[in-house]
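Read off the chains here:
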Amino acid sequence: MMKKLLLVLNVLCILVMCGWTYAAKRSFKPAYTLDDVYNRNAHVSFDESSMTHKKTSYSELYESSDLIVKGVCKKVEGYRLESVLREFQISKVYKGKCGEFIDIYEPSSPTAWQSYFVEDGYLNMHDGQEYVLFLKKCKYQNKYYINKGALGKYTDKKESLFAYKDNKDYSYNDIKGKEAVIIYQDDLKLYNQVVSKISKWK
């Protein structure tokens, strides 16, 4: 009888702990969000190590992507360590298979120090904006992440690139309205090449 009682108590404790964990995850709100970045003209910091030139090509970008889609950026689903989880509504699939809605991890994010951290030259998507995305599938989740940072996201906005200089301090207003940070001429050439190719996709 005592063993059964202890077993029941252990099960109840596990259920309570799981419930608390779930509630904490569901109710978590970061101290600093993308809206704060936009509205408060946050300081911008760049991960220069991730922006070191990694020579690639259009064929490599295409072949290494598990999913290539066109669609509209929707709401922020949540904030994770050094990433933002976004909902994305698909209007066209160019490579791979997926449903109408997918979740995407964006590599750049707000920080606990009330600044905006830019990873691999990538600038976060904006709600309601249409994009073409080159994506990789997460290994253990039914979610995706941007392939090759700044080189994995495209829009039809003109003058959407930002030229970074490492001897200057930046705030969000300096990069407002831009879609990617490009340093190297090879990356700029590839970016424009991809823009030219996807503009011909139906």
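Keep in mind it's a predicted model, so treat the numbers as computed, not measured. (Residues numbered from 1 in each chain as written. Predicted model: local features only at pLDDT ≥ 70, side-chain atom pairs only at ≥ 80, totals over all residues. Heavy atoms only, no water.)

## Some words on the pairing of strand β1 (residues 43-46)
Then step 1. Where burial is concerned, the two faces of β1 differ: the one with V44 and F46 is buried and the one with H43 and S45 is not.
Then step 2. Two elements, β1 and strand β6 (residues 115-118), share four bridges in a ladder whose sense is parallel. Across the sheet, the residue bridging to F46 is V118, located in β6.
Then step 3. Alignment of β1 against strand β11 (residues 170-171), held across two bridges, turns out to be antiparallel. When the sheet's bridge partners are listed, H43 is paired in β11 with S171. (Buried < 20%, exposed > 50% of the residue type's maximum accessible area, 1.4 Å probe, protein only. Helix = DSSP H or I, 4+ residues; strand = E, 2+ residues; numbered from the N terminus. Pairing = 2+ DSSP bridges.)

## Focus on unusual backbone geometry
Leaving glycine out, the prevailing phi sign among residues is negative, and the prevailing peptide bond configuration is trans.
Then step 1. If you check the backbone angles, N41 has positive phi at about 50 degrees while not being a glycine.
Then step 2. By the element assignment, N41 lies in the loop between α2 (34-39) and β1.
Then step 3. A relative accessible area of 30% places N41 in the partly exposed class.
Then step 4. A positive phi angle, near 55 degrees, is found at Q114, a position not held by glycine.

## Examining empty space enclosed by the protein
Then step 1. With the rule as written, the count across this model stands at one cavity of 30 Å³ or more.
Then step 2. Counted as a void, the largest cavity has a volume near 60 Å³.
Then step 3. In this structure, the largest cavity is lined by Y38, Y116, L123, N124, H126, Y172, I175 and K178.
Then step 4. For the lining of the largest cavity, a count of residues per class yields five nonpolar, two polar and one charged. (1 Å grid on protein atoms, 1.4 Å probe; cavity = no way out; pocket = protein on both sides within 12 Å on 5 of 7 lines; lining within 4 Å. Points joined across faces, edges and corners; volume = space filled by probe spheres on them. Nonpolar A, V, L, I, M, F, W, Y, C, P; charged D, E, K, R; others polar.)

## Considering the confidence of the model for the chain
Then step 1. Predicted confidence across the chain gives a mean pLDDT of 82, with 80% of residues reaching 70 or more.
Then step 2. The least confident element of the chain is helix α1 (residues 2-27), whose mean pLDDT is 43; the most confident is strand β4 (residues 101-106), at 97.
Then step 3. Under a pLDDT of 50 for its full length, residues 11-28 has, in the predicted model, one contact with residues more than four places off or in other chains. (pLDDT = per-residue confidence, 0-100. Contact = heavy atoms within 4.5 Å.)

## Concerning the nonpolar core
Then step 1. V44, F46, Y116, V118, F162, I175 and V181 are the most contacted members of the largest nonpolar core, which totals 17 residues.
Then step 2. Of all the elements in the fold, those that place two or more residues in this core are α2, β1, β6 and α4 (172-175).
Then step 3. When near neighbours in sequence (up to four residues on either side) are disregarded, V44 contacts Y116, V118, Y170, S171, Y172 and I175.
Then step 4. The next biggest cluster of nonpolar side chains, apart from the first, holds 15 residues, and it includes Y94, I182, L190 and I198. (Core = buried A, V, L, I, M, F, W, Y, C linked by side-chain atoms within 4.5 Å.)

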